[in-house]
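The primary structure of each chain is shown beneath.
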There are 4 protein chains.
Amino acid sequence: MGRMSTQDSPVRLHAADAPGQPDVTPALEDLYRGFEQELLVPLWTEIGDLMPAHPRSRAVPHLWRWANLRGLAERAGALVPVGRGGERRAIALANPGLGGRPFATPTLWAAIQYLMPGEDAPEHRHTQHAFRFVVEGEGVWTVVNGDAVPMRRGDFLPQAGWNWHAHHNATDRPMAWIDGLDIPFQYVTESQFFEPGRDAIGDAERITPERSRSERLWAHPGLRPLSVGELGPGTPLLSYKWEFTDRALADQLSLEAEGFGGTVEPGHAAVRYTDPATGGDVLPTIRVETHRVVRGAETTPVRETGSSVYQVFDGSGTVTVGARSWSVSRGDLFVVPSWEPFSARSEAGSTDSGSGALDLFRFSDAPVFEALRLNRTHVEGGAR
Amino acid sequence: MGRMSTQDSPVRLHAADAPGQPDVTPALEDLYRGFEQELLVPLWTEIGDLMPAHPRSRAVPHLWRWANLRGLAERAGALVPVGRGGERRAIALANPGLGGRPFATPTLWAAIQYLMPGEDAPEHRHTQHAFRFVVEGEGVWTVVNGDAVPMRRGDFLPQAGWNWHAHHNATDRPMAWIDGLDIPFQYVTESQFFEPGRDAIGDAERITPERSRSERLWAHPGLRPLSVGELGPGTPLLSYKWEFTDRALADQLSLEAEGFGGTVEPGHAAVRYTDPATGGDVLPTIRVETHRVVRGAETTPVRETGSSVYQVFDGSGTVTVGARSWSVSRGDLFVVPSWEPFSARSEAGSTDSGSGALDLFRFSDAPVFEALRLNRTHVEGGAR
Amino acid sequence: MGRMSTQDSPVRLHAADAPGQPDVTPALEDLYRGFEQELLVPLWTEIGDLMPAHPRSRAVPHLWRWANLRGLAERAGALVPVGRGGERRAIALANPGLGGRPFATPTLWAAIQYLMPGEDAPEHRHTQHAFRFVVEGEGVWTVVNGDAVPMRRGDFLPQAGWNWHAHHNATDRPMAWIDGLDIPFQYVTESQFFEPGRDAIGDAERITPERSRSERLWAHPGLRPLSVGELGPGTPLLSYKWEFTDRALADQLSLEAEGFGGTVEPGHAAVRYTDPATGGDVLPTIRVETHRVVRGAETTPVRETGSSVYQVFDGSGTVTVGARSWSVSRGDLFVVPSWEPFSARSEAGSTDSGSGALDLFRFSDAPVFEALRLNRTHVEGGAR
Amino acid sequence: MGRMSTQDSPVRLHAADAPGQPDVTPALEDLYRGFEQELLVPLWTEIGDLMPAHPRSRAVPHLWRWANLRGLAERAGALVPVGRGGERRAIALANPGLGGRPFATPTLWAAIQYLMPGEDAPEHRHTQHAFRFVVEGEGVWTVVNGDAVPMRRGDFLPQAGWNWHAHHNATDRPMAWIDGLDIPFQYVTESQFFEPGRDAIGDAERITPERSRSERLWAHPGLRPLSVGELGPGTPLLSYKWEFTDRALADQLSLEAEGFGGTVEPGHAAVRYTDPATGGDVLPTIRVETHRVVRGAETTPVRETGSSVYQVFDGSGTVTVGARSWSVSRGDLFVVPSWEPFSARSEAGSTDSGSGALDLFRFSDAPVFEALRLNRTHVEGGAR
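Report follows, based on the coordinates. All values derive from a computational prediction rather than experimental measurement.

**A few points about the pairing of strand β18 (residues 317-321) of chain A**
Residue and element names in this part refer to chain A. Within β18, 4 of the 5 residues are buried, which leaves the element mostly enclosed by the surrounding structure. Where β18 meets strand β21 (residues 342-346), 5 bridges bridge the pair, whose relative direction is antiparallel. Among the inter-strand pairings, Gly317 is bridged to a residue of β21, identified as Ser346. Counting the residues in the hairpin turn of β18 and strand β19 (residues 324-328) gives 2 residues, including Gly322, whose phi is positive at 55°.

Structure below.
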């Protein structure tokens, strides 16, 4: 409290001769020194930054190539042990507009995690909401509250905050996948709690079943187990297997082909992962979707408040984020900052498998915006 | 996209010889350079900062004296015109832990606004949710969508985002009040839109009624006008007059005196301002309350996720925020960062009026935490 | 189970030679006897009754004159004691279309209750949701969970199910009021529980305060006491005093006069009583409103699914329900069955007080319809 | 309005010399005649019936044998045409306690519907919520808004109110199934609308696909199509195929066998059919579940407010409803009135298939009770 010397105060004000600003006079300079000493900042010098006509993100569109990520993760596999303290061999995307912090966007964390044969990542829990998504490989099980959940290409594993979890690689090959969390959002809002668990999971949890217990209870379409009572925030279903996602997307496209709609727009199918107990988003702060764009199709540019991270799951094409445009293929990750228009075109690429569709995995902070009534969407051309 | 030179990358990694960290070797250094070039940051160097055992706020407890704020605002009244561009003669609290930015807490803006006799502040609208609270004086009307709302000591005027609003001082004396907004939260989430309105309000809006139209429709206890259909986010009631707040607090204390409870704890009455159409918070992102602590009483220390700003409305006493403690009196403002314990004691002060109760006006970001299921509270002693 | 003799079965089927019906043959007659024995009824003989093009209520529009009700209640005061077993000296409206049962409409109960000087009605609780409304007199207190709530002309006292309650007349004059409950609805759905309480309320509950404790906690516009935690279904505010209702209606009409709307339609003001903790209806199954129609005005005919009971609180005029029309004045009660169009005209009457407005108190089963998505409204002329 | 002659009034009051009743005197008799003329009924003569200590249903436990129903439906197939006017060849259960009306319980309709080879049931829509459940056979498609939904043993087809629907039998064999609706509830609340559609469905709707379009969009576990916007009340998924139900029940029992719970109680698995867009009940007024009781197991008796209809889908055993108990096998239907305790035991029967489990299909009015906060449950022994 109280007056600070100008040197000590972190506030620095510059009287500027500019439209909308007061005349620069010695009295004004003196006033500004008074503001600095009292830890005050006038609105009139900040309004352009704080209250823009529309969101102008500090984050920038950026692309990370999967091959590079994967290569560095392999090197980390050789040099960096996994254990208590560091907790995970996870390497996060740092948006170049966000000052070198490990924030893919102002609210979202995205990292590649890498586990060597036979390794375990120790058990812990935290309020940050998290998920795993597997773009390649298999062989790791995530153990959530003692329930071993297998991870294979295309599987999406959400895991709401404050659930105990560990990973174990039961095979003789390393495996990489991506982690998505709301770490930056909880860092800003300062709501984080963390607790370490057991250093090693039990032998009974080293079983490697085809389906987790959560799937056996919850992965039946439109069916709720009566044995389950009150649930916490976030989905009780711990894995959304690729076979279901793939079939749902294929069904939408065949409905479209038969003339019945079903797709978001021609050649563009999409599903949202939902909590079967509520029909809402899988996590309170993170929305997750998979989009399929058929060969030759292009999505309509859309602007939304809030930010997204995409990973190319399959196929190849060109994605456009505001003024940037990239050719992308399997595993590549990129970010779409708030209110930047985004579109994707599916095109033949050198590494393609057969179907030619561009499959994009997406996660975003949309539930935050919807819960707080801050969501806005603008579709180019005004329709969809 | 793509590899950056180490110089250009904002990422800077320092291999450190510390528990939980990998051995510092040339290979590790080389790996870290690779991370920097690829805009990557490992979790294991950041986890302590990002995933603490409990919230450790970057914001610090701090107090601003009303006399100092008021004095600087008066000087600004003489030097800084009010008009389009700067928009408002508002001077914001800058928490010393937040780098000199005009953020009282990581999510909340608090400012003193000052309007000279006969002045108008121009009309605009923005997505940021806002309110006014009047600690002294009268004579200004806030015109919201053409409805002139009077401002007098103790009145609380919420105003949800995207409503047109202007201020006009109809008297021959200057007036000061405080503005609270979610500017920092919307700055971080990048959800802001802003639009200027008319440069001057119409003559018909210069009327200065005792009660706004919104009060005539909505300020009747438990009664909803049938003429009002679908409502947007935020309360339709634009003023919560002091007479009602004061009476509600007095009623709670008399119920307690008669042996029927009614107070939060002995000697501590409190009301929350609510949206009469939903019973919920007045604004989607901001909770507002007034607390009354009777002379001699002290509140139990409470920790909560999320941050608050308090203004002393009346009385005097001592407030304790974490390790800091201050004697406070009318108009003083202070902040309570996330998870810092807060308590208040009501004590005789030199400037007191009769009752001796310490009245504290409070606003916080609690609705954000509740909507996203991130709220936690800890009451010292475990009960209340 | 099993075959019944035709004599024993309550099912009686009549083969009829009519459009949409099967040919009347001995085989059909034999089939119908089989249905009767097996306790079966075909849809094709019932569909016109069960699935009409729009609701055709079994209830009929009907009016009860206050003078007659009041006179009979007085006679009951002399002949019928109040005590355990009978519980209340309440006399219910029996819609002539509903077979002589004490049902004002298929879902709503409306009764006049009468209490002699010094009498108590014994304490009990039941799952049926209830309220009192006072068209004349004063002197009775309803004691709800030990909280004594005064009753005066114009006061509305809701009381959600399963709260203990008793009445006591603290004066030397009898008093009459109306009770509204969802007895028929709970009778049909078979959800009722009932429990007798103490035979006499305690002396401490015989106090006769101006305001109940519930009002002191909750009757402050837009203010919620922080001391109150989780609430059950139904409003915590036990009295909505006439002074607030009257002022809210007058405010709407003055806003209309100033050109700002505020009324439902010209000359027609209306408020809904709401739960201050939720903004929703005061009771889970009953909606309550007061409408004011200024002298000379007439409301637009409206049809709604669900039924209503009205009582004339003040003024006089003509009300039209479907094909029926009545001149009404203070205290008269009438019912509006489902989908019957209703309108009211305010006219001079012989017993009027000054203002000339027709004030109508209304309760309905609308919350049931809205909760189950069965609500439909049709406003004549298609607008409002 | 006005006084009725005693002969015309449907009200009949009998002064009785009984506890809690007023003394029978000529004055009382005279008062009762006055009540009758004014269409009034006192509470004190009715309270025992209207406000019982707990629900005492007018409906009684009753069982209908499938063989008998099926036999009568076949005879109706020969005698009763299907067409506009009668609309459906549906034959409803008439609970013997409900006066011969086609009401299985006070709120629920249950009927066997029968369609001959090549027949169509004409298109219509109504506000009553409906479903089909198939205990045997296949070959009929229900066409909902032009979407042809196949019906096979074990399939559950919900269909929310106000959707166009027709049936067509595409095979050369008759087929029977059961219809469940909320006809009695909407009859009592008087909320019904009905509209006939086309007399014949189009050729394009005579296609007989394996999966309906609704299944292709919605029957993917935890996945929501992004192409679907705002939805009305009730599930968008028009068929819940038996293979999913069967697998979900089997999974619960295998989890139990492995020691992980998953079942409601030992040997008792159960699923609720839910709306994938909300996680809630499939219909606003009807809850639907399938229960599996393994050979030798018996369920704990449970009382609930509200009523249920059960159909034995497979297996055999003994069911107990209040004081009644029956041996049951495939297709048998029975009702559980409000607050009657229900339990089921799985036992070997003469007609069993292999597994020996007793599979019970159940529908109830529970959503009505939950929406209106009238639900209560009592599990014998107080735990589960």
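**Details of the interface of chain B and chain A**
Chain B puts 102 residues into the contact, and the matching count from chain A is 101 residues. Across the chain B/chain A interface, buried area totals approximately 8,600 Å², and carbon plus sulfur atoms make up 67% of it. For the pair chain B and chain A, the number of links is 8 salt bridges. At the surface where chain B touches chain A, the tally comes to 36 residue pairs in polar contact (both at pLDDT 80 or more). Across the side of chain B that touches chain A, the residue classes tally to 59 nonpolar, 25 polar and 18 charged. With 3 bridges joining them, strand β3 (residues 90-93) of chain A and strand β1 (residues 40-42) of chain B adopt antiparallel strand pairing. Bridging across to β1 of chain B, Ala92 of chain A finds its partner in Val41 of chain B.

**A look at the sheet that holds β3 of chain A**
Here 6 strands make up an open sheet; going across it, the order is β9(A)-β6(A)-β11(A)-β4(A)-β3(A)-β1(B) and the pairing antiparallel. Edge positions in the sheet fall to β9 (156-159) of chain A together with β1 of chain B, since each of these pairs with one other strand and no more. Ignoring strand direction, the axes of neighbouring strands in this sheet form an average angle of 25°. In the sheet, strand β6 (residues 130-133) of chain A pairs with strand β11 (residues 175-181) of chain A via 4 bridges, with the strands oriented antiparallel. Across the sheet, the residue bridging to Phe131 of chain A is Gly180 of chain A, located in β11 of chain A.

**Brief notes about the packing of aromatic side chains**
Overall, the coordinates contain 78 aromatic pairs over all chains when judged by the stated rule. Pairing Phe361 of chain A with Phe363 of chain A gives two aromatic rings, centres 6.5 Å apart and planes at 45°, and the pair type is tilted. As far as burial versus exposure is concerned, Phe361 of chain A and Phe363 of chain A are alike and both buried. With a centroid separation of 4.4 Å and an interplanar angle of 35°, the aromatic rings of Phe156 of chain B and Tyr273 of chain B are classed as tilted. Residue Phe156 of chain B is found in strand β9 (residues 156-159), and its partner Tyr273 of chain B is found in strand β14 (residues 268-273); the two are separated by 117 residues along the sequence. Neither residue differs from the other here; Phe156 of chain B and Tyr273 of chain B are each classed as buried. The ring of Phe260 of chain C carries Arg213 of chain B above its face, with NZ or CZ at 3.7 Å from the centroid. Above the ring of Phe313 of chain C, the side-chain terminus of Arg153 of chain C is found at 3.8 Å from the ring centroid.

**Side note on the relation of the copies chain B and chain C**
Once chain B has been moved 0.0 Å along the axis and rotated by 180°, it coincides with chain C to within an RMSD of 0.0 Å. Read as a symmetry element, the transformation amounts to a two-fold axis. Within chain B, Pro221 of chain B has its C-alpha nearest the rotation axis, a separation of 2.1 Å. Residue by residue, 100% of the interface of chain B is reproduced at the interface of chain C, so both copies engage with the same surface.

**Overview of the sheet that holds strand β2 (residues 62-64) of chain D**
If you trace the 7 strands from one edge of the open sheet to the other, you get β13(A)-β14(D)-β15(D)-β22(D)-β17(D)-β20(D)-β2(D), paired in antiparallel fashion. A single partner strand is all that each edge strand has here, and the edge strands are β13 (223-225) of chain A together with β2 of chain D. Each strand axis lies, on average, 25° off the axis of its neighbour in the sheet, ignoring direction. With 5 bridges connecting them, strand β14 (residues 268-273) of chain D and strand β15 (residues 287-293) of chain D associate as antiparallel partners. Each bridged residue has a counterpart across the sheet, and for Arg272 of chain D the counterpart in β15 of chain D is Glu289 of chain D.

**Side note on helix α6 (residues 242-257) of chain D**
The end-to-end C-alpha distance of α6 of chain D is 22 Å, a good match for the 22 Å that 16 residues give at a rise of 1.5 Å each. Considered for burial, the residues of α6 of chain D that qualify are Trp242, Thr245, Ala248, Leu249, Asp251, Gln252, Leu253 and Leu255 of chain D. Buried-residue contacts for α6 of chain D involve α5 (213-218) and β13 of chain A together with β14, β15, β17 (308-314) and β22 (358-364) of chain D. Just downstream of α6 of chain D, Gly259 of chain D is the residue with a positive phi angle, here 95°.

**Things to note about the packing of helix α1 (residues 26-37) of chain A against helix α3 (residues 66-79) of chain B**
Contact geometry of α1 of chain A with α3 of chain B gives a least axis separation of 10 Å together with a crossing angle of 155°. Here α1 of chain A lies roughly antiparallel to α3 of chain B, going by the angle between them. In this structure, the crossing between α1 of chain A and α3 of chain B has a hand that is left-handed. Seen from α1 of chain A, the contacting residues are Ala27, Leu28, Asp30, Leu31, Gly34 and Phe35 of chain A; seen from α3 of chain B, they are Leu72, Arg75, Ala76 and Leu79 of chain B. Here the contact of α1 of chain A with α3 of chain B is built from residues that sort into 7 nonpolar, 1 polar and 2 charged.

Reading guide: rules and limits
Residues numbered from 1 in each chain as written. Chains lettered and ligands numbered in written order. Predicted model: local features only at pLDDT ≥ 70, side-chain atom pairs only at ≥ 80, totals over all residues. Heavy atoms only, no water. Buried < 20%, exposed > 50% of the residue type's maximum accessible area, 1.4 Å probe, protein only. Helix = DSSP H or I, 4+ residues; strand = E, 2+ residues; numbered from the N terminus. Pairing = 2+ DSSP bridges. Contact = heavy atoms within 4.5 Å. Buried area = accessible area lost by both parts, 1.4 Å probe. Salt bridge = Lys/Arg side-chain N within 4 Å of Asp/Glu carboxyl O. Polar contact = N/O pair within 3.5 Å; in protein donor to acceptor, adjacent residues only side chain to side chain. Nonpolar A, V, L, I, M, F, W, Y, C, P; charged D, E, K, R; others polar. Axes fitted to C-alpha atoms, helices over the stretch in contact; angles between N-to-C directions. Phe/Tyr/Trp six-rings, centres within 6.5 Å; stacked < 30°, edge-to-face > 60°. Lys NZ or Arg CZ within 6 Å of the ring centre and 35° of its normal. Least-squares fit on C-alpha atoms with pLDDT ≥ 70 in both. Expected span 1.5 Å × (residues − 1). Parallel < 35°, antiparallel > 145°, perpendicular 65-115°, else oblique. Left-handed = near helix turned anticlockwise from the far one by under 90°.

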